[in-house]
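Spelled out, the chains give:
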Amino acid sequence: MTQNELKQAVARAAIEYVVENEIIGVGTGSTANFFIDELAKIKHRIKGAVASSEATAARLRGHGIEVYDLNDVPEIAVYIDGADEITNAGAMIKGGGAALTREKIVASVSKQFVCIADGSKLVEVMGKFPLPVEVLPMARASVTRALAMLGGTPKLRLKPGTEEAFITDNGGMIIDVAGLAIADPVALEQQVNQIVGVIAVGLFAARGANVCLLGMADGVKTLKF
Ligand SMILES: O=C[C@H](O)[C@H](O)[C@H](O)COP(=O)(O)O
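Residues numbered from 1 in each chain as written. Predicted model: local features only at pLDDT ≥ 70, side-chain atom pairs only at ≥ 80, totals over all residues. Heavy atoms only, no water.

The protein has the name Ribose-5-phosphate isomerase A in an unreviewed UniProt entry, where Duganella violaceipulchra is given as its organism. As stated in UniProt under Subunit (unreviewed entry), the record for the protein gives "Homodimer." Among the UniProt annotations of the protein, the heading Catalytic activity (unreviewed entry) holds the following wording: "aldehydo-D-ribose 5-phosphate = D-ribulose 5-phosphate". (UniProt positions renumbered as here; feature names shortened; annotations may be inferred.)

K.L.:
Before we go on, may I ask you to explain the sheet that holds strand β1 (residues 23–26) in this structure?
P.N.:
Within a sheet, adjacent strands bond to each other through the backbone by hydrogen bonds, running parallel or antiparallel. With mixed pairing, the six strands of this open sheet are ordered in space as β2-β1-β3-β6-β12-β13. Looking along the sheet, the strands with just one partner apiece sit at the ends: β2 (48–51) and β13 (219–224). With direction set aside, neighbouring strand axes in the sheet form an average angle of 25°. With five bridges connecting them, strand β6 (residues 110–118) and strand β12 (residues 211–216) associate as parallel partners. Bridge pairing in β12 links Ala 117 to Leu 214. Here helix α4 (residues 100–108) sits on the sheet in contact with β1, β2, β3 (76–81) and β6, set at roughly 145° to β3. (Pairing = 2+ DSSP bridges. Helix = DSSP H or I, 4+ residues; strand = E, 2+ residues; numbered from the N terminus. Axes fitted to C-alpha atoms, helices over the stretch in contact; angles between N-to-C directions. Contact = heavy atoms within 4.5 Å.)

K.L.:
Where do I start with the nonpolar core in this structure?
P.N.:
Membership of the largest hydrophobic core comes to 27 residues, with the highest contact counts inside it found for Val 18, Val 26, Phe 35, Leu 39, Leu 60, Ile 80 and Leu 213. Secondary structure elements with two or more residues in this core: α1 (3–14), β1, α2 (30–41), β2, α3 (54–62), β3, β6 and β12. Residue contributions to this core peak at five residues, all from α2. Apart from residues lying up to four places away in sequence, Val 26 is in contact with Phe 35, Ile 36, Leu 39, Ala 49, Val 50, Ala 51, Ser 52, Thr 56, Leu 60, Tyr 79 and Ile 80. In this structure, Val 143, Leu 188, Leu 203 and Ala 205 belong to the second largest nonpolar core, which totals 23 residues. (Core = buried A, V, L, I, M, F, W, Y, C linked by side-chain atoms within 4.5 Å. Buried < 20%, exposed > 50% of the residue type's maximum accessible area, 1.4 Å probe, protein only.)

K.L.:
How should the pattern of salt bridges be read in this particular structure?
P.N.:
Two side chains with opposite charge may pair up if their charged atoms get near one another. Considering all chains together, one arrives at twelve salt bridges under this definition. Of the charged contacts in the structure, one is a salt bridge between Lys 94 and Glu 103, with a shortest N-O distance of 3.1 Å. Between Lys 121 and Asp 118 there is a salt bridge; the shortest N-O distance is 3.9 Å. (Salt bridge = Lys/Arg side-chain N within 4 Å of Asp/Glu carboxyl O.)

K.L.:
For this particular structure, what's the right way to read the UniProt feature "active site" (unreviewed entry) in the protein?
P.N.:
Under the feature "active site" (unreviewed entry), the UniProt entry names Glu 103. Tracing the sequence through the fold places Glu 103 in helix α4. By relative accessible area, which is 2% here, Glu 103 ends up buried. If we skip the residues at most four places from it in the chain, Glu 103 touches Thr 28, Ser 52, Tyr 79, Asp 81, Lys 94, Gly 95 and Phe 204.

K.L.:
Is there a simple way to explain the packing of aromatic side chains in this structure?
P.N.:
Geometry of an aromatic ring pair is reported as the spacing of the ring centres plus the angle between the planes. Following the criterion strictly, the structure yields two aromatic pairs and no others. Ring centres of Tyr 79 and Phe 113 lie 5.0 Å apart, and the angle between their planes is 90°; on these two criteria the pair is classed as edge-to-face. Taken together, the residues span a long stretch of sequence, with Tyr 79 in strand β3 and Phe 113 in strand β6 at a distance of 34 residues. On the accessibility criterion, Tyr 79 (0% relative accessible area) is buried. A residue is classified by how much of its surface remains accessible, and Phe 113, at 0% relative accessible area, is buried. (Phe/Tyr/Trp six-rings, centres within 6.5 Å; stacked < 30°, edge-to-face > 60°.)

K.L.:
Looking at this structure, I do not really get the site of the ligand. What am I missing?
P.N.:
As a matter of local geometry, the ligand sits amid 17 residues, with Ser 30, Thr 31, Asp 84, Glu 103 and Lys 121 nearest to it. Contact distances for the ligand include 3.2 Å between an oxygen atom and a side-chain N or O atom of Asp 81. For the ligand, an oxygen atom lies 2.7 Å from a polar atom in the side chain of Lys 121. Of the residues in the shell around the ligand, the class split is three nonpolar, eight polar and six charged. (Near = heavy atom within 4 Å. Polar contact = N/O pair within 3.5 Å; in protein donor to acceptor, adjacent residues only side chain to side chain. Nonpolar A, V, L, I, M, F, W, Y, C, P; charged D, E, K, R; others polar.)

K.L.:
Would you take a moment to explain the side chain of Thr 168 for this structure?
P.N.:
In this fold, Thr 168 is placed in the loop between β8 (153–156) and β9 (173–178). The exposure class of Thr 168 is buried, given its relative accessible area of 6%. Other than its neighbours up to four places away in sequence, Thr 168 contacts Ala 98, Glu 134 and Ile 174.

And the structure:
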């Protein structure tokens with residue numbers, strides 16, 4: 001099976017977690033895109049969705065799914081999203097697609113977080129995937145110095161094929177920190193959150209996933225945390 005087929009399989013399996021007549025929280029990225037395409041097939045069974053990025057909002061609308069402003073939605077029954085890495089305790093690195101801040105906000109008001117990922121994302125210790133940190137542009141240099149003190153190698157994310165900084169949906173910049181072996185994800189999440197100028201860190205540990213649907217060659221494996 002190709003990686004895309006594994007992503008498609010977990011996207012399909014995630015439909016079982018969609019709560020009828022509710023507003024669904026929807027993540028960002030290639031796996032989330034497969035999920036949106038599956039969600040479109042049952043759109044008459046949901047009220048609508050809250051999107052974690054402009055790209056997700058556009059794809060949802062393209063399928064005729066109503067997109068709600070989170071300010072008008074006090075609680076979300078289920079949030080479905082991918083991950084860059086996930087541990088067998090449900091902690092995740094997210095933000096490879098730069099949507100970490102909005103993803104964290106939507107996840108924070110969701111009763112259940114269902115992570116959908118191909119099996120290669122399951123790791124024992126996170127950190128092989130560089131940890132994304134969204135920062136206010138004026139704090140780019142000071143936050144970079146503070147992140148270097150944590151032991152990794154921080155690098156400003158650039159717009160593909162250019163020397164210009166990548167700018168997020170929120171007007172922030174992303175610093176990717178390579179070379180961290182994350183022994184205590186909850187402690188590191190707290191530590192990075194305390195750096196002045198950080199908007200959000202792509203560690204989802206204090207609030208991790210409740211369920212993970214992992215795409216494996218022999219089928220979809222369900223992990224519950
Ligand atoms: O910012 C992007 C998100 O955190 C994604 O969920 C994550 O990068 C995984 O993306 P993909 O499903 O494309 O591997």
